[in-house]
Amino acid sequence: RDLSDIIILASNLNATINSLNMVPDKLDSLVTIEGSSEEIIGSDVNIKVKVEQVGKAQSYNLKVDIDGSLLLDQTAIGNNEFPITQKLGEGYHRVTAKIAIDDYFAQNNVYYKSINILPKPKILLVSKTPAVIQTALANLYDITFATEVPDDVKAYSAIIIDNLPIADLSLRKTEILVNFVTDGN
């Protein structure tokens, strides 16, 4: 129901509706970091640092660093979002956002986020001819090219079969693919 229906119902019941005008008695600011906690090496890491304030808008200085390297040092006022795009090397990285401001709760003026950069997943591309899709996938995946399905496919996260006639897949190779998919790949 919307507000007008509730007012009509309250009127019919001869009920009173009260409202409160809540005004914060202390000024406070907080900083947060939004974004993925895992990315694949070579891809852009997109994070958004958000500063929110309660009460009157105040001036603050925001500093953002990754692994101790300063990325952003900016003065602003009020609620803001600061998008950051960065490429990072493999492994864990610590992102820190700090706002310098005199406010009520100092504990929410620092925010930490960990980002794990994963190695490229290994995939198998099976085709008789060079596949156009190979160049598109090369940025995100470690691609092994083969003309037939090998007997051991455990090392791969995915198998792509491109333009391969069904007659080229023996019963044994089909069983290998079925087991690969059944195992959750």
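Residues numbered from 1 in each chain as written. Predicted model: local features only at pLDDT ≥ 70, side-chain atom pairs only at ≥ 80, totals over all residues. Heavy atoms only, no water.

Draft legend 1. Seen up close, helix 3 (residues 171-182). For helix 3, which comprises 12 residues, the first-to-last C-alpha distance of 16 Å matches the rise-based estimate of 16 Å (1.5 Å per residue) to within 8%. On its buried face, helix 3 is in contact with strand 11 (158-161). (Helix = DSSP H or I, 4+ residues; strand = E, 2+ residues; numbered from the N terminus. Expected span 1.5 Å × (residues − 1). Contact = heavy atoms within 4.5 Å.)

Draft legend 2. Inspection of the nonpolar core at higher detail. Residues V49, Y60, L62, V64 and F82 are the most contacted members of the largest nonpolar core, which totals 21 residues. Where this core is concerned, the elements lending two or more residues are strand 1 (28-35), strand 3 (45-54), strand 4 (59-66), strand 5 (69-77), strand 6 (80-86), strand 7 (91-100) and strand 8 (110-118). Core analysis: the second largest hydrophobic core is formed by 12 residues, V126, A146, V149 and I159 among them. (Core = buried A, V, L, I, M, F, W, Y, C linked by side-chain atoms within 4.5 Å. Buried < 20%, exposed > 50% of the residue type's maximum accessible area, 1.4 Å probe, protein only.)

Draft legend 3. Geometry of the environment of I159. With respect to the secondary-structure elements, I159 resides in strand 11. Sequence spacing of I159 and N116 is 43 residues, and the spatial spacing of their C-alpha atoms is 25 Å.

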